[in-house]
Amino acid sequence: MNDIVVTSRIRLARNLSDVPFTIKMNDYDASNVIDRVRDVILKNKQYHFDFFEIKKLPLIKRQVLIEKHLISPALASSKIKSAVAIDQNENISIMINEEDHLRIQVLYRGQEIQKAWEDANRIDDFLEQHLPYAYDETWGYLTSCPTNVGTGLRASFMLHLPALTLLGYMKGIIDTITKLGIAVRGFYGEGSEAAGNLYQISNQITLGQPEEDIIANVVSITNQIIEQEQQARLRLLSENRAFVEDKVYRAYGILKYARNISSNEALKLISDVRMGISMGIIKETTIDKLDVLLNLIQPAIIQDYFGREMTPEERDIKRAELIRKILE
Amino acid sequence: MLCENCGKRPATVHYTQIINGVKTEMHLCEVCAKQKGSIEFDAPFSVTNFLAGILEPAFGTQVLKPSFEVALTCKGCGMTFDEFRRAGRFGCAMCYSSFSEKLYPIFRRIHGNTKHVGKIPTKMGEDIAIKREIDRLKIELNVAIKNEEYEKAARIRDKIRELEKKLSRE
Ligand SMILES: [Zn+2]
Ligand SMILES: [Zn+2]
């Protein structure tokens, strides 16, 4: 049941040694970093990157990139000049002038943390050949925030944990893994709640452990959570089968026939149906289709999909239409 | 009284400054006083200078100590340690060496560690290897000189120069 891991993500924080960090940057510094990084990125023959200056992007386009997890809300609303390079497959993004000069991020669907790490590491090696990194023999990669110093690495998984949430186990689990140096966040990262029973878990410690150990630690804790979720699902099935069947089929019914649906409601229902498919209750559709929907239902992506701006009311109608089409 | 600076116009601005407990008086014309700079002109009796002048001889180090704390400033970006503590963000790469001593407890609290054991950038890795090689050769050079093996010493010296050149090119 690998579908409990929705996405795997690696992020590396890097800075240049010869430019002030973003908190102390002026316009000249910001442009300087962007120009130099752009020149280097365009030299890379292995990946094809598209380059965007954030301030030149329309607000809706920025929101699309946030919803696709390609940029952070902080980058989108940055006061200083910022940019992003995105590879053609939309797995890799290099944010420029976010909290750090560089944030290399690789995101894959499913349990692909190793692959994500290899990509991030390779891009890091490439950038380092052409840019003077801020690095110290004792403290490793020097970052803007002391919580990222050392490896600058954040390894994270987006986990779908509906059964543990339904049975009320999540608070206990979060308390425990927080003590093990693992952070838990909602769908959109810091500060957001776990909408759709999606939880993002990641390492907190970045100094004093090699990258491989940090990743292995997050993987090991993730595997334990997966096991608990699987047991919780089995328990739900054996003790409350009728309740679960009713819940997931109702969700499927609404998704399939609704004419007007908000992104929040859709997210909750998709979560239920996703669990239903995984448990073998719903056979009419697939996890893949639901994961496509997970992205498409979001407010900006849906407008991007239809190629025009829409009012919230219009979006809710179009969203229902799109869900029906995909579930057909 | 004529202006002390130009000696032409009458001195109308009487300026008093206390530096290190020594009181200096200046008598300037309006033109020269303005040229002296608005900061000095606007605050002829600077409170901090005044206090420092009074307190310094009496309390000596006690006064110096807090002013040293205030002076913990990054040479790279001008960020003070206090500013860092408030923002929770460093201003530049040099902040790390500027605040070095104060960072150990902070890192220990956040990470439980104070030493990076992960990735070494390739280019930097070469540099580190070269630096170590230079250190090793310098010891060898001293031994050679002590043993009066001057030809060998010259060879080692050339090697060190070559490596140092390689380092500075990076
Ligand atoms: Zn004068
Ligand atoms: Zn600094």
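What counts, and at which threshold
- Residues numbered from 1 in each chain as written.
- Chains lettered and ligands numbered in written order.
- Predicted model: local features only at pLDDT ≥ 70, side-chain atom pairs only at ≥ 80, totals over all residues.
- Heavy atoms only, no water.
- Contact = heavy atoms within 4.5 Å.
- Buried area = accessible area lost by both parts, 1.4 Å probe.
- Salt bridge = Lys/Arg side-chain N within 4 Å of Asp/Glu carboxyl O.
- Polar contact = N/O pair within 3.5 Å; in protein donor to acceptor, adjacent residues only side chain to side chain.
- Helix = DSSP H or I, 4+ residues; strand = E, 2+ residues; numbered from the N terminus.
- Nonpolar A, V, L, I, M, F, W, Y, C, P; charged D, E, K, R; others polar.
- Buried < 20%, exposed > 50% of the residue type's maximum accessible area, 1.4 Å probe, protein only.
- Pairing = 2+ DSSP bridges.
- Axes fitted to C-alpha atoms, helices over the stretch in contact; angles between N-to-C directions.
- Core = buried A, V, L, I, M, F, W, Y, C linked by side-chain atoms within 4.5 Å.
- Domains from an automatic or database assignment.
- Phe/Tyr/Trp six-rings, centres within 6.5 Å; stacked < 30°, edge-to-face > 60°.
- Lys NZ or Arg CZ within 6 Å of the ring centre and 35° of its normal.

Enquirer: I keep staring at the interface of chain A and chain B and nothing clicks. Help me out?
Expert: Contacts between the two partners involve 39 residues from chain A and, on the opposite side, 35 residues from chain B. Across the chain A to chain B interface the summed buried area is about 3100 Å²; carbon plus sulfur atoms make up 60%. When the buried area of chain A at its contact with chain B is split by residue, Tyr135(A), Trp139(A) and Pro146(A) rank highest and sum to 22% of it. Seen at the junction of chain A and chain B, the total is five salt bridges. With a closest N to O distance of 3.9 Å, Glu137(A) and Lys131(B) form a salt bridge. On the surface where chain A and chain B come into contact, there are 20 residue pairs in polar contact (both at pLDDT 80 or more). No other element matches helix α4 (residues 113-130) of chain A, which puts five residues into the side of chain A that touches chain B. Here the residues of the side of chain A that touches chain B sort into 16 nonpolar, 15 polar and eight charged.

Enquirer: Would you take a moment to explain the pattern of salt bridges for this structure?
Expert: Side-chain pairs of opposite charge can arise where the charged atoms are in close proximity. For the coordinates displayed, the defined rule picks out 33 salt bridges over all chains. Here Glu83(B) and Lys24(A) are joined by a salt bridge, their closest N and O atoms 3.0 Å apart. One end of the pair, Glu83(B), is in helix α5 (residues 81-87); the other, Lys24(A), is in the loop between β1 (5-14) and α1 (27-43), on a second chain. Exposure remark for Glu83(B): the relative accessible area of 25% places this residue in the partly exposed category. For Lys24(A), a relative accessible area of 28% translates into the label partly exposed. Salt bridges linked by common partners bring Glu98(A), Glu99(A), Asp100(A), Arg103(A) and Arg89(B) together as one network.

Enquirer: Where do I start with the side chain of Glu128(A) in this structure?
Expert: Within the secondary structure, Glu128(A) sits in helix α4. The exposure class assigned to Glu128(A) is buried, which follows from its relative accessible area of 3%. Setting aside anything within four residues of it in sequence, one finds Glu128(A) in contact with Tyr133(A), Pro121(B), Thr122(B), Lys123(B) and Met124(B).

Enquirer: Could you clarify how one ought to interpret the sheet that holds strand β9 (residues 182-185) of chain A in this entry?
Expert: In sheet architecture, strand pairing relies on hydrogen bonds along the backbone and comes in two forms, parallel and antiparallel. Residue and element names in this part refer to chain A. In spatial order, the strands read β2-β3-β4-β5-β1-β8-β10-β9; together these eight strands make up an open sheet with antiparallel pairing. The sheet terminates laterally at β2 (49-53) and β9, the two strands that pair on one side only. Taken over all neighbouring pairs, the strand axes of this sheet differ in orientation by 20° on average, direction set aside. Here strand β8 (residues 153-160) pairs with strand β10 (residues 198-203) via five bridges, running antiparallel.

Enquirer: Sorry if this is basic, but what is going on with the nonpolar core here?
Expert: The nonpolar side chains of soluble globular proteins are, as a tendency, buried together. Residue and element names in this part refer to chain A. Ranked by size, the top nonpolar core spans 95 residues in total, and within it Ile-10, Leu-127 and Ile-225 carry the most contacts. With 15 residues, the top contributor of residues to this core is helix α7 (residues 211-257). No fewer than three residues from each of domain 1 (9-150) and domain 2 (230-327) sit in this core. Aside from chain neighbours lying at most four places away, what touches Ile-10 is Ile-104, Gln-105, Val-106, Ile-113, Ala-116, Trp-117, Ala-120, Leu-153, Arg-154, Ala-155 and Ile-215.

Enquirer: I'm lost on the packing of aromatic side chains in this one. Help?
Expert: Centre distance and the angle of the planes are the two values used to describe a pair of aromatic rings. In total, this model carries 13 aromatic pairs over all chains according to the counting rule given. Centre to centre, the rings of Tyr135(A) and Tyr141(A) are 4.9 Å apart; their planes meet at 70°, and the pair counts as edge-to-face. Each member of the pair Tyr135(A) and Tyr141(A) is classed as buried. A centroid spacing of 5.4 Å and a plane angle of 75° characterise the contact between Phe81(B) and Phe99(B), whose relative ring orientation is edge-to-face. Placement of Phe81(B) in helix α5 and of Phe99(B) in the loop between α6 (95-98) and α7 (100-111) is noted, with a sequence separation of 18 residues between them. Both residues of the pair, Phe81(B) and Phe99(B), belong to the buried class. Three or more aromatic residues link up through ring pairs in this structure, and these residues are Trp139(A), Phe81(B), Phe84(B), Phe90(B), Tyr96(B), Phe99(B), Tyr104(B) and Phe107(B). Residue placement shows Arg14(A) over the ring face of Tyr141(A); its charged tip is 3.4 Å from the ring centre. Note that Lys115(A) overlies the ring of Tyr108(A), its terminal NZ or CZ placed 4.4 Å from the centroid.

Enquirer: I tried to follow the domain arrangement of chain A on my own but got confused; where do I start?
Expert: Residue and element names in this part refer to chain A. Here chain A is partitioned into domain 1 (9-150) and domain 2 (230-327). Put simply, the middle of domain 1 and the middle of domain 2, counted by C-alpha atoms, are 33 Å apart. Each partner contributes to the interface: domain 1 provides six residues, whereas domain 2 provides nine residues. For the pairing of domain 1 and domain 2, the buried interface totals around 710 Å² over both sides, and the portion due to carbon and sulfur atoms is 54%. Broken down residue by residue, the surface that domain 1 buries against domain 2 is led by Ile-60, Glu-67 and Arg-109, which jointly contribute 70%. At the junction of domain 1 with domain 2, the criterion picks out two salt bridges. Residue Arg-109 is joined to Asp-291 by a salt bridge in which the shortest nitrogen-to-oxygen separation is 2.8 Å. Top contributing element to the side of domain 1 that touches domain 2 by residue count: helix α2 (residues 59-67), with four residues.

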